[in-house]
Amino acid sequence: MRRAVLIAVPYAWLLALFLIPFAVVFKISLSDIALAIPPYTPTAKDGIWNMLSQLDFENFIFLTEDDLYWKAYVSSLQIALISTVLTLLVGYPMAYAMARAPEQWRPTLLMLVILPFWTSFLIRVYAWVGILSGEGFLNQFLMWIGIVDAPLTILNTNTAVYIGIVYTYLPFMILPIYSALDRLDGSLIEAAEDLGCSRIKAFWLVTIPLSRNGIIAGCFLVFIPALGEFVIPSLLGGSGTLMIGKVLFEEFFSNRDWPVASAVAVILLLILIIPIVLFQRNEQKQVEAEG
Amino acid sequence: MKTTLLSTVAAFAVTGVALADEVRVYNWSDYIDEDLLTKFEEETGLDLIYDVFDSNEVLETKMLAGSSGYDIVVPSGTFLQRQISAGAFQKLDASKLPNAENLWDVVEARTAQYDPDNAYSINYMWGTTGIGVNVGKVQEVLGEDAPMGSLDLVFKPENMEKLQACGVHFLDAPTEMIPAALQYIGEDPDSHDPDVLAKAEPILMGVRPYVQKFHNSEYINALANGDICVAFGWSGDILQARDRAAEAENGVEVAYNAPNEGALMWFDQMAIPADAPNPEGAHVFLNFILDAQNMAQASNYVYYANGNAASQEFLVEDVIGDPAIYPDEATLENLYTTTPYPARVQRTVTRMWTKIKSGT
């Protein structure tokens, strides 16, 4: 009995915070746009049976007919992928240094990584507007030390979006990698070195594989929110920055077409869920094979 | 998706606890003298919650979602008309608005095309959509005789290519930018014919590579700071930028011109949502705004003309005497208005706009 209750908790959580909202969004994606409150038809007011019989996949077909959506998905995947790699490249050395730091420093270093979260995400992204703009700190500094003569255009470009994403999601990359590296048994590296590995080789053959789970967790934590990111591309990106989060906003707020917006969201979810499920299956098989 | 759900729940929670002595107003950003807000609270004893937005589309999404929790919202004419037909607003109670006698019949006649008999709304401010320039920088780029009062400045690729270096912002408002492009090529700016509308696309596509950003409020500061040199924006916002630059004494001289080819004239209307938690308080707020001196104080601060005839004697010369704000007869002739697009056409228009903004 107690076990059933314990298992029911996460399932109830999943049902209330994922499946039900998903069902609502999915239902809207099968509806038609209307000038009414709410702005789609049919609704439950028309009677459940009546409502179900009027649903169709028209909006999904619409998405395939216009290459904007396809391009936005691809461009978001690209931006999310590149930012994830960049975040890993910046985050791994930081996590490594933290894990290697003397024991008494680590809580302070950990604190420093978490500290930015004390300020609102929006304010931190807005701060980058001030740093990167034509008259901003970065350009003034670069001009002062004489590297450039005219201000660089960074704000309102994809470069600014990458900077924003890497900056914002860095802690999500550092923390899981740090926790993996922190648990790493130092004697394994000593053993590898005793057996003739150079330090670099020991790093590649021992440290990296043993922190693999941290790397994977960090990459997922960065990649998934970056894919649907809206705030960063809209504040830092330019008119040419094409991301699905922006398209979703446009559909919802500019076109006021909730059904198409919902269809875009459903597809985005599928793009995210299918690879993750496949990945997890694969992992499980590996664990089973090893076990 | 989770956040949407949470914020919806939060919105409901907020609506649920709205108190009878609280008035919630949702107005455009940079659109009031904040001293008026304190004055309202002092005079009426009501608590005022004042939130801002910067696009009609965002407001409409909230209105059509329902339960916005606001008592007063401020859509522009064409959007007001759509939302009235969706059932988003309640009729005003004239008996609670004694100051409505201050309204200006000239403006009322025009707003009646969106809201017949002005039954659902009162005019807050009105203005034109035109071109804001950093005079010094534009002359530096295009020479002394730069066409600063003409749509040539923003719709001619040769000019825009040169202006790109100092930065150009356009409004992110398809229902204003597309009519402007149509006006530029001599078509009817209020056309609802998809074939005519399609003619605006090459004009806007031709200059989009040179537009740094499509945004509805950032250009005020960007223009004032000298970060950009041209903004296609709203009259009063650009005049506010002019003021901010003058106050900062940063050497930036901003000027506004309604294009001589003709400019869009728009009206921002205050209305009460059908499900407003405190319609009583909303009427108190409207009546406060309709007061001649209060309205004049707002206009003097934001540099927009208002629909209040009695307020005109309290307007400073900078406002009432500026033809960019209160156009003379000749300029008035040159202004056009638009009407809302039907749903199908709306889809074509917004799709064209997405293409223009993103290049695909």
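From a predicted model like this one, the values you see are computed outputs, not experimental measurements.

Chemist: Hey, could you run me through the overall build of chain B in this one?
Modeler: From N to C terminus, chain B includes 18 helices and 12 strands. Whereas a compact globule of 360 residues would reach a radius of gyration of roughly 21 Å, chain B reaches 20 Å, a difference of no more than 12%. By principal-axis analysis of the C-alpha atoms, chain B measures approximately 60 × 45 × 40 Å. For chain B, with 360 residues in total, the buried portion stands at 50%.

Chemist: What is the right way to look at the overall build of chain A in this model?
Modeler: For chain A, the count of helices and strands is 14 helices and two strands. Along the first, second and third principal axes, the C-alpha atoms of chain A reach 75 × 70 × 35 Å. Counting all 291 residues of chain A, 30% fall into the buried class.

Chemist: Mind showing me how you'd approach unusual backbone geometry here?
Modeler: Working note: non-glycine residues mostly have negative phi, and peptide bonds are mostly trans. Residues and elements named next belong to chain A. Of the consecutive residues I37 and P38, the connecting peptide bond is found in the cis state with omega at -10 degrees. By secondary structure assignment, the location of P38 is in the loop between strand 1 (32-33) and strand 2 (40-41). Between T41 and the following residue, P42, the backbone shows a cis peptide bond with an omega angle of 0 degrees. Even without being glycine, N156 reaches a positive phi, approximately 65 degrees. Tracing the chain through its elements places N156 in the loop between helix 7 (137-144) and helix 8 (158-182). Accessibility expressed as a C-beta count within 10 Å gives 26 for N156, which makes it buried.

Chemist: Sorry if this is basic, but what is going on with the interface of chain B and chain A here?
Modeler: In many reports, interface size means the accessible area that the parts give up when they come together. The interface of chain B with chain A comprises 32 residues on the first partner and 28 residues on the second. Only helix 1 (2-17), helix 3 (56-65), helix 4 (77-85), strand 7 (213-214) and helix 18 (343-358) of chain B provide two or more residues apiece to the side of chain B that touches chain A. A breakdown of the residues in the side of chain B that touches chain A according to their chemical character gives 10 nonpolar, 13 polar and nine charged.

Chemist: What is the right way to look at the pairing of strand 2 (residues 47-53) of chain B in this model?
Modeler: Regular strands show a simple pattern: their side chains alternate between the two faces of the sheet. Residue and element names in this part refer to chain B. Of the strand pairs in this sheet, strand 1 (residues 22-28) and strand 2 are connected by seven bridges, and their pairing is parallel. Of the residues in strand 2, the one forming a bridge with W28 is F53. Taken together, strand 1, helix 2 (residues 34-44) and strand 2 form a β-α-β motif whose crossover is right-handed.

Chemist: Looking at this structure, I do not really get the confidence of the model for chain B. What am I missing?
Modeler: Close inspection of predicted coordinates is inappropriate in any region flagged by low pLDDT. Residue and element names in this part refer to chain B. Overall, the predicted model of chain B reaches an average pLDDT of 91, with 94% of residues at or above 70. Counting interchain partners and residues more than four positions distant, the pLDDT-below-50 stretch residues 1-17 has 14 contacts. Listed scores for the predicted complex are pTM 0.79 and ipTM 0.71.

Chemist: Can you help me understand helix 18 of chain B in this one?
Modeler: In an α-helix, one turn spans 3.6 residues; hence positions three or four apart end up facing the same way. Residue and element names in this part refer to chain B. Between the first and last C-alpha of helix 18 there are 22 Å, a value that for 16 residues agrees with the 22 Å anticipated at 1.5 Å per step. For helix 18, the set of buried residues is Q346, V349, T350, W353, T354, I356, K357 and S358. Trailing helix 18 by a residue or two, G359 shows a phi angle of about 85 degrees, which is positive.

Chemist: Looking at this structure, I do not really get the domain arrangement of chain B. What am I missing?
Modeler: Residues and elements named next belong to chain B. The domains assigned to chain B are domain 1 (2-127 + 265-336) and domain 2 (128-264 + 338-358). The gap between the C-alpha centroids of domain 1 and domain 2 is 25 Å. Among the secondary structure elements, those contributing two or more residues to the side of domain 1 that touches domain 2 are helix 4, strand 10 (263-273) and strand 12 (335-336). Here the side of domain 1 that touches domain 2 gets three residues from one element, more than from any other, and that element is helix 4. Of the residues contributing to the side of domain 1 that touches domain 2, the split by class is nine nonpolar, seven polar and three charged.

Chemist: Explain the domain arrangement of chain A to me, please; I cannot follow it from the model alone.
Modeler: Residues and elements named next belong to chain A. Once the domains are mapped, chain A shows domain 1 (1-56) and domain 2 (74-185 + 212-290). Between domain 1 and domain 2, the C-alpha centre-to-centre distance is 31 Å. Taken together, the nine residues of domain 1 in the interface contact eight residues of domain 2. For the side of domain 1 that touches domain 2, the element with the highest residue contribution is helix 1 (residues 2-29), accounting for four residues. Across the side of domain 1 that touches domain 2, the residue classes tally to six nonpolar, two polar and one charged.

Chemist: Is there a simple way to think about the environment of F288 of chain B in this case?
Modeler: All names here are of chain B. Positionally, F288 belongs in helix 14 (residues 279-290). Taking the C-alpha atoms as reference points, F288 and G236, 52 residues apart in sequence, are found 22 Å from one another. What F288 contacts, discounting residues up to four positions off in sequence, is F40, T44 and N294.

Chemist: Mind showing me how you'd approach the confidence of the model for chain A here?
Modeler: Within chain A, residue pLDDT values average 90, and 100% of them lie at 70 or more. Looking across chain A, the model is least confident in helix 2 (residues 48-53) of chain A, with a mean pLDDT of 81, and most confident in helix 8 of chain A, with 95.

Chemist: Hey, could you run me through the nonpolar core in this one?
Modeler: Side chains of a nonpolar character, in soluble globular proteins, are inclined to be buried together. Ranked by internal contacts, the top residues of the largest apolar core, which has 107 residues, are I72, V154, A181, L223, V230 and F285 of chain B. Top contributing element to this core by residue count: strand 10 of chain B, with eight residues. When residues of this core are sorted by domain, at least three fall in each of domain 1 (2-127 + 265-336) and domain 2 (128-264 + 338-358) of chain B. Not counting residues up to four positions away in its chain, the partners in contact with V154 of chain B are I131, M160, V207, V230 and F232 of chain B. Ranked by size, the runner-up nonpolar core spans 48 residues in total, among them A80, W128, I177 and A180 of chain A.

Chemist: Looking at this structure, how should I read the packing of helix 9 (residues 174-184) of chain B against helix 11 (residues 200-207) of chain B?
Modeler: The angle between the axes and the distance between the axes are what describe a pair of packed helices. Residue and element names in this part refer to chain B. With their axes 9 Å apart at the nearest point, helix 9 and helix 11 run at an angle of 105 degrees to one another. Considering their axes alone, helix 9 and helix 11 lie roughly perpendicular with respect to each other. Contact residues: M177, I178, A181, L182 and Y184 in helix 9; A200, I203 and L204 in helix 11. Grouping the constituent residues of the contact of helix 9 with helix 11 by class yields eight nonpolar, no polar and no charged.

Chemist: Explanation requested: the environment of A101 of chain A in the structure shown.
Modeler: Residue and element names in this part refer to chain A. In this structure, A101 sits in the loop between helix 4 (67-100) and helix 5 (106-114). The exposure class of A101 is partly exposed, given the 13 C-beta atoms found within 10 Å. Excluding its chain neighbours within four sequence positions, the residues that come into contact with A101 are R106 and L109.

Thresholds applied
Residues numbered from 1 in each chain as written. Chains lettered and ligands numbered in written order. Predicted model: local features only at pLDDT ≥ 70, side-chain atom pairs only at ≥ 80, totals over all residues. Helix = DSSP H or I, 4+ residues; strand = E, 2+ residues; numbered from the N terminus. Rg over C-alpha atoms; globule rule 2.2 N^0.38 Å. Buried ≥ 20, exposed ≤ 12 C-beta atoms within 10 Å, placed from the backbone. Contact = placed C-beta atoms within 7 Å. Nonpolar A, V, L, I, M, F, W, Y, C, P; charged D, E, K, R; others polar. Pairing = 2+ DSSP bridges. Right-handed = clockwise from strand over helix to strand, strands pointing away. pLDDT = per-residue confidence, 0-100. Expected span 1.5 Å × (residues − 1). Domains from an automatic or database assignment. Core = buried A, V, L, I, M, F, W, Y, C linked by C-beta atoms within 7 Å. Axes fitted to C-alpha atoms, helices over the stretch in contact; angles between N-to-C directions. Parallel < 35°, antiparallel > 145°, perpendicular 65-115°, else oblique.

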